[in-house]
Amino acid sequence: MFPLQRGRRLRTNESIRSLVRETIVTPQDFMFPMFIAEGTNVQEAIPSMPGMFRRSVDLTVKEVKELYALGIRAVNIYVKVSDHLKDNAGTEAWNPNGLMQTAIKAIKDACPQMIVMPDVALDPYSIYGHDGIIENGVVVNDPTVDALTKMSVSHAEAGADFVAPSDMMDGRILRMREALDQSGFTNVGIMSYSAKYASAFYGPFRDALDSAPRADVEIPKDKKTYQMDYANRIEAVKEALYDVEEGADILMVKPGMAYLDIVREVKDAVNVPVAVYQVSGEYAMVKAASERGWLDHNQIMMEQLTCIKRAGASIISTYFAKEAAVLLNK
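Residues numbered from 1 in each chain as written. Predicted model: local features only at pLDDT ≥ 70, side-chain atom pairs only at ≥ 80, totals over all residues. Heavy atoms only, no water.

- Under an unreviewed UniProt entry, the name given to the chain is Delta-aminolevulinic acid dehydratase, and the organism recorded is Myroides marinus.
- The chain has a UniProt comment under Pathway (unreviewed entry) that states "Porphyrin-containing compound metabolism; protoporphyrin-IX biosynthesis; coproporphyrinogen-III from 5-aminolevulinate: step 1/4."
- Taken verbatim from the UniProt record of the chain, the Sequence similarities (unreviewed entry) comment is "Belongs to the ALAD family." (UniProt positions renumbered as here; feature names shortened; annotations may be inferred.)

Now the structure itself:
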């Protein structure tokens, strides 16, 4: 009770504040999402994501080495697939010589200690831009899971440490775990996007991969039949518990800042690490506001990353990873 207790004693100066600080962010907390393009010596800027690029495999490998030197220990990789390779079934997704498989092998050869978590979803490979196969105007669940399972085994064969299914189909974690084990990949983990919401924050990401649902054909115009309703909280815990039961090693909540209540709910409900994806729209907003001088870029960046970890994240997948690691290392 005041005056015996005075909270400000522990805020007197930076030395005491740092001594009693509850949440510490380090580069080892980060996973860096990377966009990979066909070709050699290719580096294409993504206009809606300042500072982010689509890189060819050779330049991706160079960037991975720089990330590892900064203390970052995981990358989450996505590929921009040529239009002529796309179809409704996503068959290019399990091509052993495909862009994703080539990238996984190259990264692991160049930097074996970097944890590689390739994205498992059909939208980059789909002529419709959906995470699943379309039949009669509907995204079908079980045939999609069959395709995703083939994709996961293909990633493991290429050398992935974890597969990262972001599709939100029902039952896919169990099927993937069974297929990986039967193929001899018992040590390849699964980071499941367990609570992935149908969010408006994904726009710049879809620009980066040209993976938005098409609007010119009779198919669902959005992903709300499989991604979660952002009004729901209990559903996220239910989905997380299902995925743990099915064999997931890490759970992902996506997006980040607007969903920190979900992060805490999931963290309290499960006994596996929880990852958070600070998504493209969240990144782009900070960049846009700081470019206009409305916000201090580095202060906002570090405040958001610290808040995500404080909410319960063991891993933060963020486009700020490299910038934040440089700042922290200083």
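**Side note on the environment of Glu323**
Stage number 1. Residue placement: Glu323 occurs in helix H11 (residues 321–329).
Stage number 2. When its relative accessible area of 31% is taken as the criterion, Glu323 is described as partly exposed.
Stage number 3. Sequence separation between Glu323 and Ala231 is 92 residues; the distance between their C-alpha atoms is 32 Å.
Stage number 4. If we ignore the near neighbours within four places in the chain, the residues touching Glu323 are Tyr283, Lys287, His297 and Met301.
Stage number 5. Here Lys287 takes part through its side chain, which lies 2.7 Å from a polar atom of the side chain of Glu323. (Helix = DSSP H or I, 4+ residues; strand = E, 2+ residues; numbered from the N terminus. Buried < 20%, exposed > 50% of the residue type's maximum accessible area, 1.4 Å probe, protein only. Contact = heavy atoms within 4.5 Å. Polar contact = N/O pair within 3.5 Å; in protein donor to acceptor, adjacent residues only side chain to side chain.)

**Let's talk about the pairing of strand S11 (residues 274–278)**
Stage number 1. Counting buried positions over the five residues of S11 gives five, a clear majority of the element.
Stage number 2. Neither face of S11 is left uncovered, since the one carrying Val274, Val276 and Gln278 and the one carrying Ala275 and Tyr277 both have all their residues buried.
Stage number 3. As defined by bridge partners, strand S10 (residues 250–254) adjoins S11 across three bridges and the pair is classed as parallel. Bridged to Met252 within S11 is Ala275. (Pairing = 2+ DSSP bridges.)

**Points about the UniProt feature "binding site: Mg(2+)" (unreviewed entry) in the chain**
Stage number 1. Taken from the UniProt record, the annotation "binding site: Mg(2+)" (unreviewed entry) applies to Glu239.
Stage number 2. Its location among the elements puts Glu239 in helix H7 (residues 234–246).
Stage number 3. Sequence-distant contacts of Glu239, defined by excluding residues within four places in its chain, comprise Ser194 and Met228.

**Topic: the nonpolar core**
Stage number 1. The biggest cluster of nonpolar side chains holds 106 residues, and the ones touching the most others in it are Phe35, Ile77 and Met191.
Stage number 2. Non-local contacts of Ile77, meaning those with residues more than four positions away in its chain, are made with Met34, Ile36, Met100, Ala103, Ile104, Ile107, Val116, Met117, Pro118 and Asp119. (Core = buried A, V, L, I, M, F, W, Y, C linked by side-chain atoms within 4.5 Å.)

**Digging into unusual backbone geometry**
Stage number 1. Put simply, Phe2 and Pro3 share a cis peptide bond, and its omega is 10°.
Stage number 2. With respect to the secondary-structure elements, Pro3 resides in the segment before helix H1 (14–19).
Stage number 3. Positive phi outside glycine occurs at Asn136, with the angle close to 55°.
Stage number 4. Its place among the elements puts Asn136 in the loop between strand S6 (133–135) and strand S7 (138–140).
Stage number 5. Taking the relative accessible area as the measure of exposure, Asn136 reaches 82% and is therefore exposed.

**Concerning the environment of Met151**
Stage number 1. If you trace the backbone, Met151 turns up in helix H4 (residues 141–158).
Stage number 2. Along the chain, Met151 and Pro96 lie 55 residues apart, while their C-alpha atoms are 9.6 Å from each other.

**Brief notes about the UniProt feature "active site" (unreviewed entry) in the chain**
Stage number 1. Taking the numbering used here, the UniProt-annotated feature "active site" (unreviewed entry) corresponds to Lys196 and Lys254. Despite a sequence span of 59 residues, these residues sit close together in the fold, their greatest C-alpha distance being 4.8 Å.
Stage number 2. Within the fold, Lys196 resides in strand S9 (residues 189–196).
Stage number 3. Once residues within four sequence positions are removed from consideration, Lys196 is found in contact with Asp131, Ser166, Met168, Tyr202, Gln227, Met228 and Lys254.

**Looking at H7**
Stage number 1. Taking 1.5 Å as the rise per residue, H7 with 13 residues should run 18 Å; its terminal C-alpha atoms sit 19 Å apart, in good agreement.
Stage number 2. By the burial criterion, the buried members of H7 are Ala236, Val237, Glu239, Ala240, Asp243 and Glu246.
Stage number 3. Residues of H7 that are buried sit in contact with helix H5 (172–182), S9, S10 and helix H8 (260–269).
Stage number 4. Where H7 ends, the next residue or the one after it, Gly247, has phi of about 120°, a positive value. (Expected span 1.5 Å × (residues − 1).)

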